[in-house]
Amino acid sequence: MSKLRAAITGVEAFLPDYVLTNAELELLVDTNDEWIVSRTGIKERRILKGKGKGTSDMGAAAVLQLLSKTNTEASEIDLLICATVTGDHQFPATANIICDKVGIRDVASFDIGAACSGFLYALSTAATFVEAGVYKKAIVVGADKMSSIIDYSDRSTCVLFGDGAGAVLVEARENFGIRDSILKSDGHGRQFLHQKAGGSVMPASKKTVDEGLHYVYQDGKNVFKFAVTKMADVAAEIMERNGLKGEDVAWLVPHQANQRIIDATARRMKLPPSQVMMNIEKYGNTTAATIPICLWEWEKQLNKGDKLILASFGGGFTWGAIYLEWAY
Ligand code: ACO
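Residues numbered from 1 in each chain as written. Predicted model: local features only at pLDDT ≥ 70, side-chain atom pairs only at ≥ 80, totals over all residues. Heavy atoms only, no water.

1. Structural notes on the environment of Ile 291
At step 1: Turning to its location among the elements, Ile 291 is positioned in helix α11 (residues 290-298).
At step 2: When the C-alpha positions of Ile 291 and Cys 116 are compared, they lie 9.3 Å apart, and in sequence the two are 175 residues distant.
At step 3: Contact partners of Ile 291, with chain neighbours within four places excluded, come to Phe 119, Leu 120, Val 253, Pro 254, His 255, Leu 310, Ala 311 and Ser 312. (Helix = DSSP H or I, 4+ residues; strand = E, 2+ residues; numbered from the N terminus. Contact = heavy atoms within 4.5 Å.)

2. Focus: the site of the ligand
At step 1: Taken together, 26 residues lie around the ligand, and Thr 31, Arg 39, Cys 116, Lys 221 and Asn 258 are the ones closest in.
At step 2: One of the side-chain nitrogen or oxygen atoms of Asn 258 is found 2.6 Å away from an oxygen atom of the ligand.
At step 3: Computed on the free molecule, the ligand has an accessible area of 1000 Å², of which 76% lies beneath the protein chains in the complex.
At step 4: Elements represented by at least two residues in the shell around the ligand include exactly α2 (33-40), α6 (155-158), α8 (220-241), α9 (259-269) and β12 (307-314).
At step 5: By residue number, the principal contributor to the shell around the ligand is α8, which donates 4 residues.
At step 6: For the shell around the ligand, the per-class residue count stands at 12 nonpolar, 9 polar and 5 charged. (Near = heavy atom within 4 Å. Polar contact = N/O pair within 3.5 Å; in protein donor to acceptor, adjacent residues only side chain to side chain. Areas by Shrake-Rupley, 256 points an atom, 1.4 Å probe, with all protein chains shown as cover. Nonpolar A, V, L, I, M, F, W, Y, C, P; charged D, E, K, R; others polar.)

3. Remarks on the nonpolar core
At step 1: Counting residues in each nonpolar core, the largest one holds 42 residues, and the members touching the most others are Leu 252, Met 269, Ile 309 and Phe 313.
At step 2: Of all the elements, α8 adds the most residues to this core, at 7 residues.
At step 3: Setting aside residues no more than four positions away along its own chain, Leu 252 makes contact with Ile 262, Thr 265, Ala 266, Met 269, Leu 271, Gln 275, Val 276, Met 277, Ile 309 and Ala 311.
At step 4: Among the nonpolar cores identified, the runner-up in size contains 36 residues, and Leu 79, Ala 83, Val 170 and Ile 291 belong to it. (Core = buried A, V, L, I, M, F, W, Y, C linked by side-chain atoms within 4.5 Å. Buried < 20%, exposed > 50% of the residue type's maximum accessible area, 1.4 Å probe, protein only.)

4. A few points about the packing of aromatic side chains
At step 1: Evaluation of the coordinates by the stated rule reveals 8 aromatic pairs.
At step 2: Through a chain of ring-to-ring contacts, the aromatic side chains of Phe 192, Phe 226, Phe 313, Phe 317 and Trp 319 assemble into a single cluster.
At step 3: Stacked on the ring of Tyr 18, the Lys or Arg Lys 49 has its end atom at 4.5 Å from the ring centre.
At step 4: Residue placement shows Lys 196 over the ring face of Tyr 217; its charged tip is 4.2 Å from the ring centre. (Phe/Tyr/Trp six-rings, centres within 6.5 Å; stacked < 30°, edge-to-face > 60°. Lys NZ or Arg CZ within 6 Å of the ring centre and 35° of its normal.)

Shown next as structure tokens:
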């Protein structure tokens, strides 16, 4: 008997119009295009401009496009999960706000905060609900307005991040879809990558704002050390336990934090660069949005049955991999 699996049946994305180039960053901080490109692979990133515009605006735009493209009515959706670390507010969940903005009513909707691994955590969660038959049509959004928590006088972080959103529709399909997932975390890693103020440990105050404690703090060297091994390890682990060799995999869909981390993962999987989705040069690190944005950009090159490995590493630390067979 064929098995019903949760599958991605549509993908869309939203990228803001404003392009922040390395040349413009050179005017803000002591950096240069050569340093940024050689250390990270990033040439430009998108920034959401406009007073009162937040993560939900980008998520809602991606979801509206997704509903239209897949001929799905808002009333057919019964679950929406948003992965983000830059929610519109501490509460309510940005997922609730996206639902309101696109006309999805009376459904389960909530946020998942797993930083750069958020999309994989959210996709795996939605897939579990769909495979169990609890929900029929789920939407998973990965969206972050990283520019809202970046200090544009800190050259070690401001060159890395950008804004964007991606969204996928998840439904049950025979045979194709998500075959395996591995999600991991190690909270000890929080010391290297976090936002110091604005939470319950250090609520917002004039002092925290004056000291810039609401911005991303990252010890890049230490994060790099973990990221480069953990993302490659988890990609290798999911291949091994599913009996996959490099030649079986059509595409690696990696989180876009640093080209050197992606290259190390691809080498470990024995995949040539031509089978690695990489658009970091155009968008930088959009945190929870990188993986769905890649799927959206490469959608036309994907064929039914293609074996994809999605892999990520991020704040927490969190990391993970999903093995799926493309369903359309
Ligand atoms: N321009 C010029 N020089 C710079 C810049 C810049 N933008 N930023 C840092 N430097 C300098 C540093 O000050 C340092 O100078 P020094 O040697 O005189 O002290 C030198 O460059 C080297 O700095 P490093 O931090 O050691 O540079 P590194 O090669 O490690 O690259 C980077 C930094 C790109 C941040 C890298 O460490 C990295 O990619 N880390 C991992 C990021 C990641 O994966 N994050 C997880 C996801 S994010 C999330 O979850 C929200």
